[in-house]
Amino acid sequence: MFVKNENERIIQIVMLDNEEKLLEAIKNYFSVRKIRILVTNKSDTAWVEIEKNLPDCLVIDIVMPNNEGYNFIKKLKKNKNFQHIPFILLTAKGLTEDRILGYKLGCSAYISKPFDPEELESIIKNIVVKNDIFLESLLENYLLVKEIKNNLLIN
């Protein structure tokens, strides 16, 4: 069963960014919070982590060599098992046209660098709590339909 309070469970995040110092700083920041974060500068590593441990949210830098950030999002969107995972774009590209592209790609939030880690944490928690509420509602509706169906079959 899903929980309504983010403090009752550990949130799992995968962060893909090519800035090593930023990844280390974010990892240290979240290490004292109830957020488990895997940080990597390789999209292959991020993908393996997603396959092993379905994360609650992704944080992706779109300004990476070889369009790795954009390509990762495209791969994510093509995979039916993972296309539902909410993602946040964290990038140095802060122009309005860049943000519009990010939202057209389906991001849940767009954060320009430099940023405050507390803001990132708040956005992550907000996304995860809303997603949990949605999934819990979906499950409750499924169980209700199943119960109605069973009652109709019995009568």
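A few points on the structure. Just so you know, these numbers come straight off a predicted model, no measurement behind them. (Residues numbered from 1 in each chain as written. Predicted model: local features only at pLDDT ≥ 70, side-chain atom pairs only at ≥ 80, totals over all residues. Heavy atoms only, no water.)

### Quick notes on the nonpolar core
Okay, step 1: If you look at the biggest cluster of nonpolar residues, it comprises 22 residues, and the most contacted ones within it are I88, L120 and I124.
Okay, step 2: Mapped onto this core, the elements with two or more residues apiece are β1 (11-16), α1 (20-30), β2 (35-40), β3 (57-60), β4 (87-91), β5 (109-112) and α5 (117-154).
Okay, step 3: In contact with I124, other than residues within four places in its own chain, are I11, I13, F30, V59 and I88.
Okay, step 4: By size, the runner-up hydrophobic cluster in this structure holds 19 residues, among which are I50, M64, F87 and L89. (Core = buried A, V, L, I, M, F, W, Y, C linked by side-chain atoms within 4.5 Å. Buried < 20%, exposed > 50% of the residue type's maximum accessible area, 1.4 Å probe, protein only. Helix = DSSP H or I, 4+ residues; strand = E, 2+ residues; numbered from the N terminus. Contact = heavy atoms within 4.5 Å.)

### Side note on the pattern of salt bridges
Okay, step 1: Under the defined criterion, the tally for this structure stands at 7 salt bridges.
Okay, step 2: Measuring nitrogen to oxygen at the nearest pair gives 3.0 Å for the salt bridge that ties R33 to E121. Pair noted here: R33 is in the loop between α1 and β2 and E121 is in helix α5, with a separation of 88 residues, a long-range link.
Okay, step 3: Classification of R33 as partly exposed rests on a relative accessible area of 29%.
Okay, step 4: You can call E121 buried: its relative accessible area is 9%.
Okay, step 5: A cluster of three or more residues bridged by salt bridges with shared partners is formed by D17, E19, D61 and K113. (Salt bridge = Lys/Arg side-chain N within 4 Å of Asp/Glu carboxyl O.)

### A few points about unusual backbone geometry
Okay, step 1: At the junction of K113 and P114, the peptide bond is cis and its omega measures out at -5 degrees in the coordinates.
Okay, step 2: Along the chain, the position of P114 falls in the loop between β5 and α5.
Okay, step 3: Positive phi is not limited to glycine here, since N66 has a value of about 55 degrees.
Okay, step 4: Take N66: it is sitting in the loop between β3 and α3 (68-78).
Okay, step 5: For N66, a relative accessible area of 73% translates into the label exposed.
Okay, step 6: The residue N67 is not glycine, and still its phi comes out positive at about 55 degrees.

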